[in-house]
Amino acid sequence: MTPRIRELPERVRNQIAAGEVIERPASVVKELVENALDAGATEIRVDLEEGGVRLVRVADDGAGMESEDLRLVFRPHATSKLATLQDLDHIASLGFRGEALASIGAVARARILSRTAGAATGFAVEDEGGRIGDVVEAGAARGTTVEVRDLFYNTPARRRFLKRTSTELGHCLDVLQRLALAHPGVGFAVTHDRARVFAVEAAMELRERVRRLFGGELAEALVPVAGEDGDTRLGGLVAPPRFARSDSSRQMWFLNGRPLRDRTLLRALKEGYRGFLVEGRQPVAFLVLSLDPRQVDVNVHPTKSEVRFREANRVFGFLVAKIRAAVTATDMATPGERLLASAHRRGDWRPRAELAVYELPAAPAELPAAPPPSLVPPALGDASGGPFLQIARTYLVRALADGFEVVDQHALHERVTFEGLRAELARGAVETQRMLVPALVEVSRAELELLGAHLPALAPAGFLLEPFGEATIAVHGLPARLRHPDPEGLVREVIEAIVRTGRAPGAAELLEEVLHRAACRSSVMAGDELSPSEIRALLERGAALESDQTCPHARPTRVRFTLADLERAFHRR
């Protein structure tokens, strides 16, 4: 009787296994370049044809391989980077599974040419769809060159799932850019269909590499990140919120030289930008994390794109604190040059509304002095100095050492109110303004039932609410900081927050879900006329904050025009 269960041939097993490691040409690029880096390469050249489907060639000047190494190089689970099970506890190399070359050879026509530094000649070996040839002597430069042609030629179903050339090339370049940024000290040169795509020199540091790959405007605006916690070190660069994108393609994390798309690290980055980004926008950052390999497990995903930290909570808290400190040091003001260029394109230089402009005198001697320099954001100067202009009872204009800035009075006061509520919540001391006559808000019975279970949790945030009858909420008190609060609107937003999250928001969530909207309605509005002392008080309170350059919704509070912007506008340069 013929058994229905049978062992698959080795070539079939290798082709199936290749599907977990090699998804597209970018997978081949990643594995081959990581091998070159592990071999100690200082110069790496990558040649692509037809998006990498027709050819991926990676040449390096690394250590090279002997003929005996080449006899095993295409064999499954053959590697120079692990010897025992214990080695998995402290992996420091980029490639380590022994799967990549075997998987590549199973689904392509591959050839390796290599020579070590002391050898008189090199050696070559080929693997065509899992058929491994003999090792032969061949002339070669020091290092290793791997050629992979006709990817998935023998698995047509997989090949049909590949995208157009431009798409596959984009994936390859994304991998190469990340590896080039992760490894200062290594030079990269990349071509596609024999045309140069990009190159970075080995001597280039991270900021110079960003400039070469993504342009000078971004590179100039980046702010360094730095911090240590024991053997955990964070470095790199973060961009001001105005560079945020609709996609996460420029969120780049490098752990011990390994580019990652790890969820924990991406969440830490998002938390670091919380309150500074418009919802739905993605920050731009290039972050370098170093820690003892024993403190992280990189063996949790076939593509090695995710890791598991031994002390995840400690690492997460450390990262958020350091990222946030760097983000608050960025220049979040909207550059006036962009607005001038946009107006030029539209041919629109006329004001859209009548402007009521008047000058406010400088601060008299008896008023409080300006805040100390340590509280003033870089390049902003004296926050309470004059003179000021209030335009259309909405915008505040003041001179700077290198130009002037226009401040949105509502956006700035909204940030001040919000941060005051945040500080009170952190101290557990939100001051509540009790109402002489409770405000009554009609709700549905379902909403009353939903809200009733969470009323005690809302009291520490300054919301004194209680049921009143079968379909009404009585508002006895609200946070005292709120200016002209809207009891009904606030109750509705609390209910919406609970429905959205499925639970009563905690202090931080309450800020995000409810209080920043309350701060918006309780702040100085567009159209409110401010006295000189009110303007100074607003600017001084803003300057004393961690950051006063965005409102809680992440809109900029100011637009800054430099002398260079003005000179361009008046054709002086």
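Residues numbered from 1 in each chain as written. Predicted model: local features only at pLDDT ≥ 70, side-chain atom pairs only at ≥ 80, totals over all residues. Heavy atoms only, no water.

Glancing now at the packing of helix α12 (residues 409-427) against helix α17 (residues 532-543). With their axes 9 Å apart at the nearest point, α12 and α17 run at an angle of 50° to one another. Taken together, α12 and α17 sit at an angle that is classed as oblique. α17 is crossed by α12, and the crossing has left-handed handedness. Note on element contacts: α17 touches α12 through Leu-538, Leu-539, Arg-541 and Gly-542, opposite Gln-409, Leu-412, His-413 and Val-416. (Axes fitted to C-alpha atoms, helices over the stretch in contact; angles between N-to-C directions. Helix = DSSP H or I, 4+ residues; strand = E, 2+ residues; numbered from the N terminus. Parallel < 35°, antiparallel > 145°, perpendicular 65-115°, else oblique. Left-handed = near helix turned anticlockwise from the far one by under 90°. Contact = heavy atoms within 4.5 Å.)

Let's shift gears to the nonpolar core. If you look at the biggest cluster of nonpolar residues, it comprises 64 residues, and the most contacted ones within it are Val-33, Ile-44, Phe-188 and Phe-286. By residue number, the principal contributor to this core is helix α6 (residues 165-182), which donates nine residues. Residues in contact with Phe-188, not counting those within four places in the same chain, are Val-33, Leu-37, Ile-44, Leu-179, Ala-180, Phe-198, Ala-199, Val-200 and Arg-209. If you look at the next biggest cluster of nonpolar residues, it comprises 30 residues, including Ala-285, Phe-309, Ala-326 and Val-327. (Core = buried A, V, L, I, M, F, W, Y, C linked by side-chain atoms within 4.5 Å. Buried < 20%, exposed > 50% of the residue type's maximum accessible area, 1.4 Å probe, protein only.)

Counted residue by residue, strand β22 (residues 403-408) has five buried out of six residues, so it is predominantly covered. Examined bridge by bridge, strand β21 (residues 395-400) and β22 share six bridges and lie antiparallel to one another. Paired with Leu-400 across the two strands is Gly-403, which belongs to β22. Adjacent in sequence and paired antiparallel, β21 and β22 are bridged by two residues. Bridge count between β22 and strand β26 (residues 558-562): five bridges; the pairing is antiparallel. Counted as the bridge partner of Gly-403 is Thr-562 from β26. (Pairing = 2+ DSSP bridges.)

For helix α10 (residues 312-328), which comprises 17 residues, the first-to-last C-alpha distance of 24 Å matches the rise-based estimate of 24 Å (1.5 Å per residue) to within 8%. Within the sequence span of α10, burial applies to Val-315, Phe-316, Phe-318, Leu-319, Val-320, Ile-323, Arg-324, Ala-326, Val-327 and Thr-328. (Expected span 1.5 Å × (residues − 1).)

With that settled, the discussion passes to the sheet that holds strand β25 (residues 472-479). Read from one edge to the other, the open sheet built from three strands follows the order β23-β25-β24, with strand pairing classed as antiparallel. Each edge of the open sheet is held by one strand with a lone partner, namely β23 (432-442) and β24 (464-467). The average undirected angle you get between the axes of adjacent strands in this sheet is 20°.

Taking burial as the measure, the seven residues of strand β12 (residues 232-238) include six buried ones, the bulk of the element. Pairing between strand β10 (residues 223-224) and β12: two bridges, direction antiparallel. What sits directly across from Val-223, in β12, is Val-238. Examined bridge by bridge, strand β11 (residues 227-229) and β12 share three bridges and lie antiparallel to one another. Residue pairing across strands places Glu-228 opposite Arg-233, the latter belonging to β12. In textbook terms, the turn of a hairpin is the stretch between consecutive antiparallel strands, and for β11 and β12 this stretch comprises two residues, one of which, Gly-230, has a positive phi near 65°. Sheet topology places β12 next to strand β15 (residues 285-290); six bridges connect them, and they run antiparallel. If you follow Gly-235 over to β15, its bridge partner there is Val-288.

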